[in-house]
Amino acid sequence: MTVQDRVIEIIAEQALLEPSDVTLDSTPESLGIDSLGLVESIFAIEEAFDISIPFNANDPSESDFDISSVASIIAGIETLMKEQGS
């Protein structure tokens, strides 16, 4: 399973959707993921990929991690995996 497939699977699970309903252009908001769901998604992604995401759950807009779309989340994870040697 690719990073993209796994991230889409995790996000779809949090949004109570099918993975086919999640596109690279989807935003957490467009998928109906609230702030708690977003935090849970980040934790699930960290666990799945054994990485640490620089995400401020109290103020997501202040995080260094781009959560604006599924594509940006995937790109950020791939970068972190290279940096953190996962």
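Small disclaimer: the values here were computed from a predicted structure and weren't measured.

S.K.: How would you explain the packing of helix H1 (residues 3-15) against helix H3 (residues 70-84) if you had to name every residue and give the values?
M.R.: Relative to each other, H1 and H3 sit at 125°, their axes nearing to 10 Å. Relative to H3, H1 is oriented oblique. When you trace H1 past H3, the crossing you get is right-handed. Here Val3, Gln4, Val7, Ile8 and Ile11 of H1 come into contact with H3, specifically with Val70, Ile73, Ile74, Ile77, Glu78 and Met81. In terms of residue class, the contact of H1 with H3 is made up of 9 nonpolar, 1 polar and 1 charged.

S.K.: Can you lay out the environment of Thr23 for me, pointing to particular residues and giving the numbers?
M.R.: Inspection of the secondary structure assignment puts Thr23 in the loop between H1 and helix H2 (35-49). Taking the C-alpha atoms as reference points, Thr23 and Ala57, separated by 34 residues in sequence, lie 24 Å from one another.

S.K.: An account of the side chain of Ser41 is needed here, citing residue identities and associated values.
M.R.: Topologically, Ser41 is positioned in helix H2. The exposure class of Ser41 is buried, given its relative accessible area of 3%. The contact partners of Ser41, leaving out residues within four places of it in the chain, are Ile10 and Gln14.

What counts as what
Residues numbered from 1 in each chain as written. Predicted model: local features only at pLDDT ≥ 70, side-chain atom pairs only at ≥ 80, totals over all residues. Heavy atoms only, no water. Axes fitted to C-alpha atoms, helices over the stretch in contact; angles between N-to-C directions. Helix = DSSP H or I, 4+ residues; strand = E, 2+ residues; numbered from the N terminus. Parallel < 35°, antiparallel > 145°, perpendicular 65-115°, else oblique. Left-handed = near helix turned anticlockwise from the far one by under 90°. Contact = heavy atoms within 4.5 Å. Nonpolar A, V, L, I, M, F, W, Y, C, P; charged D, E, K, R; others polar. Buried < 20%, exposed > 50% of the residue type's maximum accessible area, 1.4 Å probe, protein only.

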